[in-house]
Amino acid sequence: MSSQLSKDASTNFLPKIYTNDPILFRSYVNKKVTLTTEDGNVHIGIVYTIDPVSESVVLMQSKGGEDAMLMKIIMRSAIKSIDCSLENEMPLPEMFVTPIEKMSKEELLERKNSVFKLLTDSQFPVTEENGILLIEDTVRIEPPYRPENCICLNSTILSRMQDIVSRAYN
């Protein structure tokens, strides 16, 4: 009996993150929910994520058309209840994806040649393989040849190469 009491007492002092049910939180993600707040407001949307520490809910709501979405963050202290629909998971748009640039082949070739010339003028041993610019076996610059298209495992070299490639657009 005393061991049960000490076990219960020890869990009362644990931070809430250690006693939350992450599987329950995960079951809400990508599901349509009706969330009622303490002030009586009702929010209907799709759960993007739930912060396991603060228990805040990131809710995505349709904004007029299907393409536009509105993001709301609702703090746990404001939530009175969450009712999850039994529907299947709803697809959500990617939030932080850079838009794909539409370029003609001529523009892409001009950009590649501009970056290639800049690198060779800076005395880097640049080669090209299947449209990808390579510097030794260390750096790859993929189309559309912007700083964010530089790939390198060494963060110092990557930063330096991104600085150099950005000069091609100034």
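Notes on the structure follow. Note that this is a predicted model, so its numbers are computed, not measured. Once a new chain begins, its residue numbering starts again from 1 and follows that chain's sequence as written. This being a predicted model, a pLDDT of at least 70 is required before a residue's local features are given, and a value of 80 or more before pairs of side-chain atoms are given or counted; all residues contribute to the totals for chains, interfaces and linings. Excluded from the side-chain calculations are hydrogens and water; all other atoms, namely the structure's heavy atoms, are used.

### Description of the environment of K16
Reasoning step 1: In DSSP terms, a helix is any run of H or I states spanning at least four residues, a strand is any run of E spanning at least two, and both are numbered starting from the N terminus. Inspection of the secondary structure assignment puts K16 in the loop between α1 (2-12) and α2 (22-28).
Reasoning step 2: Note on exposure labels: buried denotes an accessible area under 20% of the residue type's maximum, exposed denotes more than 50%, and partly exposed covers the range between, all computed with a 1.4 Å probe on protein chains only. On the accessibility criterion, K16 (53% relative accessible area) is exposed.
Reasoning step 3: Measuring from C-alpha to C-alpha, the distance between K16 and E55 comes to 9.5 Å, with 39 residues separating the pair along the chain.

### Overview of the nonpolar core
Reasoning step 1: Nine residue types can take part in a nonpolar core, namely buried Ala, Val, Leu, Ile, Met, Phe, Trp, Tyr and Cys, and a core is a set of them joined through side-chain atoms within 4.5 Å. In terms of nonpolar packing, the biggest core is built from 13 residues, with V115, L119, L133, I135, V139, I141 and M161 touching the most fellow members.
Reasoning step 2: Going through the elements one at a time, α3 (105-121), β7 (132-135), β8 (139-141) and α4 (155-166) are the ones with two or more residues in this core.
Reasoning step 3: Broken down by element, the residue count for this core peaks at 3 residues, all from α4.
Reasoning step 4: It only takes one pair of heavy atoms within 4.5 Å for two residues to be counted as in contact. Apart from residues no more than four positions distant in its own chain, V115 is found in contact with L133, I141, Y145, V165, A168 and Y169.

### A word on α4
Structurally, the α-helix is built with 3.6 residues per turn, so residues lying three or four positions apart point the same way.
Reasoning step 1: Each helix should span, by expectation, one fewer than its residue count multiplied by 1.5 Å. Between its first and last C-alpha, α4 extends 16 Å over 12 residues, near the 16 Å set by a 1.5 Å rise per residue.
Reasoning step 2: Of the positions making up α4, those classed as buried are M161, I164 and V165. For α4, the angular spread of buried residues about the axis comes to 95°, placing them on one side. Along α4, the residues that are exposed and aim more than 90 degrees away from the buried face are S155 and T156.
Reasoning step 3: In protein, a polar contact requires one atom able to donate a hydrogen and another able to accept it; more generally it is a pair of N or O atoms within 3.5 Å, and residues adjacent in sequence count only if both atoms are side-chain atoms. Two or three places before T156, at the start of α4, stands the capping residue N154, its side-chain oxygen 2.9 Å from that residue's backbone nitrogen. Here, the arc refers to the directions that run from the helix axis to the C-beta atoms.

### Points about the layout of surface pockets
It is a probe the size of a water molecule, rolled over the atoms, that shows where empty space is left.
Reasoning step 1: Reported here for the second largest pocket is a volume of approximately 190 Å³.
Reasoning step 2: Note on definitions: the grid is 1 Å and covers protein atoms alone; a cavity is a set of points where a 1.4 Å probe fits but cannot get out; a pocket is an open set with protein on both sides within 12 Å along at least five of seven lines; lining residues have an atom within 4 Å of a point. Around the second largest pocket sit N20, L24, F25, Y28, I50, E55, V57, R76, I79, K80, S81 and I82, which together line it.
Reasoning step 3: Contributions of two or more residues to the lining of the second largest pocket are made by α2 and β5 (79-84).
Reasoning step 4: No other element matches β5, which puts 4 residues into the lining of the second largest pocket.
Reasoning step 5: Under the convention adopted here, Pro, Cys and the residues Ala, Val, Leu, Ile, Met, Phe, Trp and Tyr are nonpolar, Asp, Glu, Lys and Arg are charged, and Gly plus all remaining residues are polar. The residue makeup of the lining of the second largest pocket, split by class, is 7 nonpolar, 2 polar and 3 charged. Grid points are joined across faces, edges and corners, and a volume is the space filled by probe spheres set on the points.

### Focus on the state of the cysteines
Reasoning step 1: The criterion for a disulfide is a pair of cysteine sulfur atoms lying within 2.5 Å. According to the stated counting rule, one finds 0 disulfides in the structure shown.
Reasoning step 2: With no disulfide partner, C150 has as its closest neighbouring cysteine sulfur the one in C152, 8.9 Å distant.

### Overview of the pattern of salt bridges
Reasoning step 1: When a carboxyl oxygen of Asp or Glu is within 4 Å of a side-chain nitrogen of Lys or Arg, the pair counts as a salt bridge. In the structure shown here, the tally under the stated rule is 4 salt bridges.
Reasoning step 2: The partner of K112 in a salt bridge is E128, with the nearest N and O atoms 2.7 Å apart. On the criterion of sequence distance, the pair formed by K112 in helix α3 and E128 in strand β6 (residues 126-129) is long-range, its members being 16 residues apart.
Reasoning step 3: When the shortest N-O distance is used, the salt bridge between R140 and E142 registers 2.9 Å.
Reasoning step 4: A relative accessible area of 34% places R140 in the partly exposed class.
Reasoning step 5: On the accessibility criterion, E142 (26% relative accessible area) is partly exposed.

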